[in-house]
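Each chain is listed here by its residues.
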Amino acid sequence: YIGAGKIRFVYHDFPLTNIHPNAFLASRAGRCAEELGNFWAFHDELYANQRQWSGQANPVANFLNYGERAGLDPRAFESCIRSDRHAEVVTANMRLGMALGVPGTPSIMIRQGSGIARRLPSSDYNTISTAIEDALAAMAGSTPSGGS
């Protein structure tokens, strides 16, 4: 869908700071990884090792290790993590998620044009695919595929 130009994928931070005290820093580190050109590799390391860093007093050393494994420039990544460079955008994304009623992560939302986003009840492939097909059909003026 994305490669064909049919949809656009937008990722927003929604750190669950009430459950995970290091989530805000993890979101900022993800933004640093994006800035350095390898968000998804860092994202995957972060989620694969969540139990390791989530309860630590200071997970920066872990994040730097994950960044290195993701191929990020170590000096630039450390400089970014130790700054507040992305705190404003992460905070704005948290506020957006709260305004949209996001209950937790992951949450998948579909929005047609400038319409209001609707949250999908599940993040499994079939649910997402059906919702995308229905939205594309509605935008084209044809009948939906019969999904959710």
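This section reports on the structure supplied with the text. (Residues numbered from 1 in each chain as written. Predicted model: local features only at pLDDT ≥ 70, side-chain atom pairs only at ≥ 80, totals over all residues. Heavy atoms only, no water.)

Comments concerning helix α4 (residues 60-69)
Among the residues of α4, those classed as buried are Val60, Asn62, Phe63, Tyr66 and Gly67. Looking down the long axis of α4, one finds its buried residues gathered within 155° of arc, a one-sided arrangement. In α4, the exposed positions that point more than 90 degrees away from the buried face belong to Ala61 and Glu68. On its buried face, α4 is in contact with α1 (23-35), α2 (39-48), α3 (50-53) and α5 (74-81). Remark: Gly71 follows α4 within two positions and exhibits a positive phi of approximately 85°. (Buried < 20%, exposed > 50% of the residue type's maximum accessible area, 1.4 Å probe, protein only. Helix = DSSP H or I, 4+ residues; strand = E, 2+ residues; numbered from the N terminus. Arc of directions from axis to C-beta. Contact = heavy atoms within 4.5 Å.)

Some details on the packing of α2 against α4
Look at α2 against α4: their axes get within 9 Å of each other, and the N-to-C directions meet at 135°. Considering their axes alone, α2 and α4 lie oblique with respect to each other. Crossing handedness for the pair α2 and α4: right-handed. Side by side, α2 and α4 meet where Phe42, Glu45 and Leu46 of the first sit next to Phe63, Tyr66, Gly67 and Arg69 of the second. Class assignment of the residues belonging to the contact of α2 with α4 gives a composition of four nonpolar, one polar and two charged. (Axes fitted to C-alpha atoms, helices over the stretch in contact; angles between N-to-C directions. Parallel < 35°, antiparallel > 145°, perpendicular 65-115°, else oblique. Left-handed = near helix turned anticlockwise from the far one by under 90°. Nonpolar A, V, L, I, M, F, W, Y, C, P; charged D, E, K, R; others polar.)

Quick word on the side chain of Ser27
With respect to the helices and strands, the residue Ser27 is situated in helix α1. Aside from chain neighbours lying at most four places away, what touches Ser27 is Asp13, Pro15 and Val90.

As for the packing of α1 against α5
Two numbers describe how α1 lies on α5: the axes approach to 9 Å, and their chain directions differ by 140°. Comparing their axes, α5 and α1 come out oblique. Here the hand of the crossing between α1 and α5 comes out right-handed. In this structure, α1 contributes Leu25, Arg28, Ala29, Cys32, Ala33 and Glu35 to the contact, and α5 contributes Phe77, Cys80 and Ile81. A class-by-class count of the residues in the contact of α1 with α5 yields seven nonpolar, no polar and two charged.

Re the packing of aromatic side chains
The relative placement of two aromatic rings is captured by the distance of their centres and the angle of their planes. Taken as a whole and assessed by the stated rule, the structure comprises eight aromatic pairs. Consider the rings of Tyr11 and Phe39, whose centres lie 4.9 Å apart with planes at 65°: the pair is edge-to-face. Here Tyr11 is found in the segment before α1, whereas its partner Phe39 is found in helix α2, with 28 residues between them in sequence. Judged by relative accessible area, Phe39 falls into the buried class, the value being 15%. With a centroid separation of 5.2 Å and 70° between ring planes, the pair formed by Phe42 and Phe77 is classed as edge-to-face. One end of the pair, Phe42, is in helix α2; the other, Phe77, is in helix α5, and 35 residues separate them in sequence. (Phe/Tyr/Trp six-rings, centres within 6.5 Å; stacked < 30°, edge-to-face > 60°.)

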